[in-house]
Each structure stands twice: as C-alpha cells, then as structure tokens.
Amino acid sequence: VQLQASGGGLLQAGGSLRLSCAASGSIFSINVMGWYRQAPGKEREFVAGITSAGDTKYGNSVKGRFAISRDNAKNTVYLQMNSLKPEDTADYYCNAGSMWFSSAAWGQGTQVTVSS
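Residues numbered from 1 in each chain as written. Predicted model: local features only at pLDDT ≥ 70, side-chain atom pairs only at ≥ 80, totals over all residues. Heavy atoms only, no water.

(A) A look at the sheet that holds strand E8 (residues 76-81). Across the sheet, which stays open at both edges, the 4 strands sit in the order E1-E3-E8-E7 with antiparallel pairing between neighbours. The open sheet terminates on both sides in strands that have one partner only, identified here as strand E1 (2-6) and strand E7 (66-71). The average angle at which neighbouring strand axes cross in this sheet is 15 degrees, direction not considered. Where E1 meets strand E3 (residues 17-24), 5 bridges bridge the pair, whose relative direction is antiparallel. Bridged to Leu3 within E3 is Ala23. (Pairing = 2+ DSSP bridges. Helix = DSSP H or I, 4+ residues; strand = E, 2+ residues; numbered from the N terminus. Axes fitted to C-alpha atoms, helices over the stretch in contact; angles between N-to-C directions.)

And the structure:
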C-alpha cells in the first residue's frame, strides 16, 4: 500500500485546514485509515482514524475540533482541522492498516504550522 498525503501549510491560530491522503496499491487489505502527528521533540501521537464502515476514533486533544472522513470510492481519507492551535503544529502522517492502530503503511509527513 502506498499513501500520498497533502494539504499541510502555515496558518494562524483559529484557522482551518484540510489534509488529504490517497491510498493505492494493495488497498483490499485496508480497513482503517487515519492520521498521526509528531511535533518536534515529542512522540508520534494518534490524531484520528476511520474504518471502511465509517466508525471513527479521535485523540483527546483534537475531539470537537477535527473531523475525519473517507471516500471509499477514491480510497482517500480527509482530515478537516478547525480551530487550530499552536500546539497542533506537527508533521502529520497518514496511516492505513487492517485494524486499529496497526502500522501496515505510512505516508510521507505533511507539515502543519500554526502561529499564535
């Protein structure tokens, strides 16, 4: 499975941004797609995930502000990020696998920088 992420950028606090991640290759094995992030000097943390059936999970720090969605026909997952905070600044990584929190495939990071 190959994952191609896009949509990062630089913006001010309070703004919104949408990340996209398209999957290709052996996509039949994918059930869960999602996003993780890693800030400088910190461990990678789970942001959000969604199954092919539409079940979702969110990390506590983004609940109520971020929304994950998925277009199964396009094999693409989206992360709508609203009310962004400086602490959301990180490299965001797309992830895909057969189950929650698996590490089957990772996309390249896309950088999100939120200024105060």
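(B) Spatial organisation of the packing of aromatic side chains. Under the definition given, this model contains 4 aromatic pairs. Between Phe46 and Phe101 the ring centres are 5.0 Å apart and the planes differ by 80 degrees, which places this aromatic pair in the edge-to-face class. Within this pair, whereas Phe46 is found in strand E5 (residues 45-51), its partner Phe101 is found in the loop between strand E9 (90-97) and strand E10 (105-106), the two being separated by 55 residues in sequence. Pairing Trp100 with Phe101 gives two aromatic rings, centres 6.0 Å apart and planes at 40 degrees, and the pair type is tilted. Residue Trp100 is classed as partly exposed on the basis of its relative accessible area of 25%. An aromatic cluster of three or more residues is present, and its members are Tyr36, Phe46, Trp100, Phe101 and Trp106. Cation over ring: Lys57 sits above Trp100, and NZ or CZ is 5.1 Å from the ring centre. (Phe/Tyr/Trp six-rings, centres within 6.5 Å; stacked < 30°, edge-to-face > 60°. Buried < 20%, exposed > 50% of the residue type's maximum accessible area, 1.4 Å probe, protein only. Lys NZ or Arg CZ within 6 Å of the ring centre and 35° of its normal.)

(C) Representation of the side chain of Ser20. The residue Ser20 is located in strand E3 in this model. Excluding its chain neighbours within four sequence positions, the residues that come into contact with Ser20 are Gln4, Ala5, Ser6, Trp35, Val77 and Tyr78. (Contact = heavy atoms within 4.5 Å.)

(D) Region of the structure containing the state of the cysteines. This structure, assessed with the given rule, holds 1 disulfide. Residue pairing for Cys21: its cysteine sulfur links by disulfide to Cys94, the two sulfurs lying 2.0 Å apart. Its torsion about the S-S bond being -85 degrees, the disulfide of Cys21 and Cys94 is classed as left-handed. Note that Cys21 is positioned in strand E3 and Cys94 in strand E9, a separation of 73 residues in sequence. (Disulfide = S-S within 2.5 Å.)

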